[in-house]
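# A look at the structure
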Amino acid sequence: MNGPGVAAAPGASARRLPGEEGIWAFVLGDMLIFSLFFGTFLYYRNEQTELFLQSQLLLNKNYGAANTLLLLTSSWFVATALHMYRKQNTEWAARFLAAGFLCGLGFAVIKVTEFGEKFRAGITLNTNDFFMYYFMFTGIHFLHVLIGLGVLFFIRRTALQTPDGSGIRTLENGATFWHMVDLLWIVLFPLIYLLK
Amino acid sequence: MEMNYRFQQLCACSGLALVFILFPLLILMGFFPPPSPSEGADAIAAHYANDSWIFLLGGAVTIQVSALGVIWTAAISVQLRHIEGNLPPIFSLSQLVCGVLANSVFIFACAGWVVCAFRPDRAPEIIQTLNDWAFIIFLGTVSPLMVQALSIGMATFSDESSEPVFPRWAGFFNCWVAAIFLPAGLIPFFKSGPFAWDGLFGLWLPVGVFGGWIVVMSFLVLGAIKRQKADAFAALAGAK
Amino acid sequence: MLEDLSKAITLVWIVLFAGSAISWFLVPEGTQVTSLVPGIAILSIAFFKVRLILLYFMELRFSPQPWRGMFEAWTIGAWGAVVYLYVA
């Protein structure tokens, strides 16, 4: 899939890791912990499948789906922003980073709404095991989203302050973290909301 | 000058000593994993009544292990001071106070184990209460540790010198470690399952990572001290 | 601005979107679990999407080993573990 429009991304001849190794190590570590989450959820689901299926019916899939689309789109904005920044188009890079931020903010609003609805219905993380995992795992992911929003804010500022392209490493670090946040939800959503 | 570096090395190694004393003690006391938070008062009381000397020994030594933890923290702060140079010492100070706070847990929580075993014929409810107190504080006091790790991480990222005190990956490592500690802060909400104080995310991961973090940081600090000592003595020789 | 838009990234986004849509419609009604196939499909689509994000958004496609290998390994390992546990 070597599209002709692939911007000034590292050329095929020079293999290069975006950002720095440290952020990738962090991302891998985080993904390993989340894979433990995935495994734990499924393991205990096997022990109480009927309970999990019944409880899952109380979830709002539409919120989850909307959140998925928001994060996918925000990742597109962020990835594209990076391409623009590399082409010295700092203004548009900043705009797209802001757009990605807004999508993430939308995720946060929906999430808070969703949790609020559950609480008002008397459902908390102590209601049963399914909801314990639902709140804990999507809650910890939500924390990542909030941190990611801070990261996006920070790298947008960096982009504006470095129109000469010297901030590329910081931008790539931040983008990598944000894509991880997206990627984790891509698994979390079907696992908890959709799987029968 | 020699004495200064020797003591720094001693402090850095005290972290290793802490790990190699604490973990065997925890195993000796049968706290890996600890009795489940969903156990009844009588069962908990029985734990402490059988071989209460193990808990007296383990608890008493764990209380004193706090001293090892705080001088280890001091060794790290000295390195963060190097990174700060002439800038305000915010990283080294915040790391220091957080480390002291975190290590106080060994005194205020682990004394609970000693007290439980001190008079085993106490009412089971009282023993269960002290057991709860000990474990909730011991495993649930995560914010000082998190901020301590984050301070080290932030300091490492701020290091712009040509020969950084700590390698860059150490900054990300400390951020990851801080993230791993976080779930343990939620143990008050669970009496069973992986987030309780005997669960995967409440006990095994945070405690395991805690041990690994101390070992890794100890070696990083020792490496830094070695370089600084060599530089200092070389400068001294050059000045003569 | 338009010349900056990477066509590959946009194509990937469309595929991701489509994958989400397919997963959505694969979900059986109610709690009837007559077959494990939709579940396996949904999970597999999810990890396929993860791989797309890794390779294209995160530019692992252009990255050196061992990084690319480690993340591909995670993807396959996590996918395998998840499907295994689901089916077990």
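Everything quoted here is computed from the prediction, not taken from an experiment.

## Describing the overall build of chain C
A tally of helices and strands in chain C yields three helices and zero strands. The order of α-helices and β-strands along chain C, N terminus first, is α-α-α. Within the span of chain C, comprising 88 residues, buried residues form 36% of the whole. Considering only intrachain contacts with a sequence separation of at least 6, the fraction spanning at least 24 residues in chain C is 62%.

## Considering the interface of chain A and chain B
Between chain A and chain B, the contact holds 15 residues from the first and 13 residues from the second. Secondary structure elements with two or more residues in the side of chain A that touches chain B: helix 1 (21-47) and helix 5 (129-161) of chain A. Top element by residues in the side of chain A that touches chain B is helix 1 of chain A. It accounts for nine residues. When grouped by side-chain class, the residues that make up the side of chain A that touches chain B number seven nonpolar, four polar and four charged.

## Section: unusual backbone geometry
The linkage connecting Phe32(B) with the following residue, Pro33(B), adopts the cis geometry, with an omega of 5°. Mapped onto the secondary structure, Pro33(B) falls in the loop between helix 1 (2-28) and helix 2 (41-49). Looking along the chain, the bond that leaves Gln65(C) and enters Pro66(C) is cis, with omega of 0°.

## Regarding the interface of chain C and chain A
With 44 residues of chain C at the interface, the matching set in chain A holds 48 residues. Top contributing element to the side of chain C that touches chain A by residue count: helix 2 (residues 37-57) of chain C, with eleven residues. For the side of chain C that touches chain A, the class distribution of residues is 34 nonpolar, six polar and four charged.

## Quick word on the environment of Met146(B)
Residues and elements named next belong to chain B. Within the secondary structure, Met146 sits in helix 7 (residues 143-158). Classification of Met146 by C-beta neighbours within 10 Å gives buried; the count is 21. Expressed as a C-alpha distance, the spacing of Met146 and Cys175, which sit 29 residues apart in the sequence, is 8.3 Å. Non-local contacts of Met146, meaning those with residues more than four positions away in its chain, are made with Ala178, Phe181 and Leu182.

## Digging into helix 2 of chain C
A rise of 1.5 Å per residue sets the reference length of helix 2 of chain C, with its 21 residues, at 30 Å; its end C-alpha atoms lie 29 Å apart and thus fit the reference within 8%. Once helix 2 of chain C ends, the next one or two residues include Glu59(C), with phi positive near 60°.

## A short note on the nonpolar core
Proteins that are soluble and globular tend to have nonpolar side chains buried together. Of all hydrophobic cores here, the largest spans 159 residues; its most connected members are Phe38(A), Ala81(A), Leu97(A), Val187(A), Val177(B) and Ile53(C). Beyond its immediate sequence surroundings of up to four residues, Ile53(C) is in contact with Ser75(A), His179(A), Asp182(A), Leu183(A), Ile186(A) and Met58(C).

## Some points on the arrangement of the chains
Contacts between protein chains span two pairs of chains, and they are most numerous for chains A and C. The two units chain B and chain C remain apart, with a minimum C-alpha distance of 15 Å.

## Some thoughts on the confidence of the model for chain B
When the pLDDT values of chain B are averaged, the result is 93; 100% of them are 70 or greater. Across chain B, helix 7 of chain B holds the top mean pLDDT of 96, while helix 2 of chain B sits lowest at 90.

## Structural notes on the environment of Leu17(A)
Mapping Leu17(A) onto the fold places it in the segment before helix 1. A residue is classified by how many C-beta atoms lie within 10 Å of it, and Leu17(A), with 19 of them, is partly exposed. Put simply, Leu17(A) and Glu172(A) are 155 residues apart on the chain and 9.3 Å apart in space, counted from C-alpha to C-alpha. Sequence-distant contacts of Leu17(A), that is, excluding residues within four places in its chain, are made with Trp24(A), Ser63(C), Pro64(C) and Trp67(C).

## Here's the deal with the packing of helix 5 (residues 111-118) of chain B against helix 6 (residues 124-140) of chain B
Residues and elements named next belong to chain B. The geometry of helix 5 relative to helix 6 is characterised by a closest axis approach of 8 Å and an angle of 165° between their N-to-C directions. Of the possible angle classes, the one that applies to helix 5 and helix 6 is roughly antiparallel. Of the two possible hands of crossing, helix 5 and helix 6 adopt the one that is left-handed. Two secondary-structure elements touch here, helix 5 through Gly112, Trp113, Val115 and Cys116 and helix 6 through Ile127, Leu130, Asn131, Trp133 and Ala134. Its residues assigned to classes, the contact of helix 5 with helix 6 shows seven nonpolar, two polar and no charged.

Criteria and thresholds
- Every chain's residues receive numbers from 1 upward, in the order its sequence appears when written.
- All chains are assigned letters beginning at A, and all ligands numbers beginning at 1, according to the order in which they are written.
- Per-residue local features are limited, in this predicted model, to residues with pLDDT of at least 70; the limit for side-chain atom pairs, both in listing and counting, is 80 or more; totals at the level of whole chains, interfaces and linings are taken over all residues.
- Segments assigned H or I by DSSP are reported as helices when at least four residues long, segments assigned E as strands when at least two residues long, and all are numbered from the N terminus.
- Between the buried cut of 20 or more and the exposed cut of 12 or fewer other C-beta atoms within 10 Å of a residue's own C-beta lies the partly exposed class, and all C-beta atoms are placed from the backbone.
- We call two residues in contact if the C-beta atoms placed from their backbones are at most 7 Å apart.
- Under the grouping applied here, Gly and all other residues not named as nonpolar or charged are polar, the nonpolar ones being Ala, Val, Leu, Ile, Met, Phe, Trp, Tyr, Cys and Pro and the charged ones Asp, Glu, Lys and Arg.
- The length a helix should cover is 1.5 Å for every residue beyond the first.
- The term nonpolar core refers to a set of buried Ala, Val, Leu, Ile, Met, Phe, Trp, Tyr and Cys residues connected through C-beta atoms within 7 Å.
- Each residue carries a pLDDT value, the predictor's own confidence for that position, ranging from 0 to 100.
- Inter-axis angles, ranging from 0 to 180 degrees, are taken between N-to-C directions of lines fitted to C-alpha atoms, where helices are fitted over the stretch in contact.
- Note that the term roughly parallel is reserved for angles under 35 degrees, roughly antiparallel for angles over 145, roughly perpendicular for angles of 65 to 115, and oblique for everything else.
- Left-handed describes a crossing whose near helix is turned anticlockwise from the far helix through less than a right angle; right-handed describes the clockwise counterpart.

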